[in-house]
Amino acid sequence: MTLEERFRAFVNLVPTERGCILWTGHTNRHGYGRISAGSVTDGSKRMILVHRLVLEWKLGRPIREDAMHSCGVHACVNPDHLREATRSENMATYPERGGNPRGSPCKGNRGEKHGMARLIAENILEIRALYADGKTQRQIAGMFGVSRSHIGKIITRKVWAHLDGGDAE
Ligand SMILES: [Zn+2]
């Protein structure tokens, strides 16, 4: 299978209410999708980040610096939600990442409340919908880059209790 065929096999074809297309394959500890690329034969095989791959396909060239999600959902691979950003722009958008020196969107969450500050109302509804759909709390935590215990609180409405169904706006 080509890289693109393998990519398509792990994409959730039903977009979320916000239009996010969620990656259902492997993710790293921050919820960013990963896929293997290259070949074992010539030693170029490696794991790459799916959202960066999608943005490169969209742009038709390598990304110069960072890939940024406009939706804040790490597992999202909708090209319309991805754009190229400079390191400083990425950090300015997520100040809670605390000026991560390497500027990678993957590294900054470590130890910083697991990125909880970035969850927004739409994410909360999506999290509850995914859980109702049969995803485990651990899987959902990975997709959104937050802790499993935080997902548990969202689902049991210990947090964000005021958000329920249609009143997200
Ligand atoms: Zn999205």
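Up top is the structure.
Residues numbered from 1 in each chain as written. Predicted model: local features only at pLDDT ≥ 70, side-chain atom pairs only at ≥ 80, totals over all residues.

S.K.: I keep staring at the overall build of the protein chain and nothing clicks. Help me out?
M.R.: Assigned secondary structure in the protein chain consists of 6 helices and 4 strands. Reading the helices (α) and strands (β) of the protein chain from amino to carboxyl end gives α-β-β-α-β-β-α-α-α-α. Looking at the protein chain as a whole, 31% of its 169 residues qualify as buried. Look at the contacts in the protein chain between residues 6 or more apart in sequence, and 47% of them connect residues 24 or more apart. (Helix = DSSP H or I, 4+ residues; strand = E, 2+ residues; numbered from the N terminus. Buried ≥ 20, exposed ≤ 12 C-beta atoms within 10 Å, placed from the backbone. Contact = placed C-beta atoms within 7 Å.)

S.K.: Would you take a moment to explain helix H4 (residues 121-132) for this structure?
M.R.: For the α-helix, the turn length of 3.6 residues means that residues three or four positions removed from each other point alike. Compared with an ideal rise of 1.5 Å per residue, which puts 12 residues at 16 Å, H4 spans 17 Å between its outermost C-alpha atoms and is within 8% of the ideal. Every buried residue of H4 is listed here: Asn 123, Ile 124, Leu 125, Glu 126, Ile 127 and Leu 130. Tucked inside the fold, the buried residues of H4 contact helix H5 (137-144) and helix H6 (148-155). At the C-terminal side of H4, Gly 134 shows a positive phi close to 105 degrees. (Expected span 1.5 Å × (residues − 1).)

S.K.: Can you help me understand the environment of Leu 130 in this one?
M.R.: Here Leu 130 shows up in helix H4. The exposure class of Leu 130 is buried, given the 21 C-beta atoms found within 10 Å. When the C-alpha positions of Leu 130 and Ile 140 are compared, they lie 7.3 Å apart, and in sequence the two are 10 residues distant.

S.K.: What's the story with the environment of Ala 75 in this structure? I'm lost.
M.R.: Mapped onto the elements of the fold, Ala 75 is located in the loop between strand E3 (66-69) and strand E4 (82-85). Through-space distance from the C-alpha of Ala 75 to that of His 26 is 9.8 Å; in sequence the pair is 49 residues apart.

S.K.: Looking at this model, I keep getting lost on helix H2 (residues 50-59). Mind explaining?
M.R.: The set of residues buried in H2 consists of Val 50, His 51, Leu 53, Val 54 and Leu 55. Looking at the buried side of H2, the elements it contacts are helix H1 (3-9), strand E1 (34-37), strand E2 (46-49), E3 and E4. Once H2 finishes, Gly 60 follows within two positions and takes phi at roughly 75 degrees, a positive value.

S.K.: When you look at the nonpolar core in this model, what are you seeing that I'm missing?
M.R.: Counting 29 residues, the largest nonpolar core has Val 50, Ile 127, Ile 140 and Phe 144 as its most contacted members. Looking at this core, the elements with two or more residues in it are H2, E3, E4, H4, H5 and H6. (Core = buried A, V, L, I, M, F, W, Y, C linked by C-beta atoms within 7 Å.)

S.K.: Mind showing me how you'd approach unusual backbone geometry here?
M.R.: For residues besides glycine, phi is generally negative; the peptide bonds are generally trans as well. One non-glycine residue, Arg 157, lies in positive phi territory at about 60 degrees. Within the secondary structure, Arg 157 is located in the segment after H6. In this model, Trp 160 sits at a positive phi of 55 degrees, which is unusual for a non-glycine residue. Structurally, Trp 160 can be placed in the segment after H6. Since 17 C-beta atoms lie within 10 Å of it, Trp 160 is described here as partly exposed.

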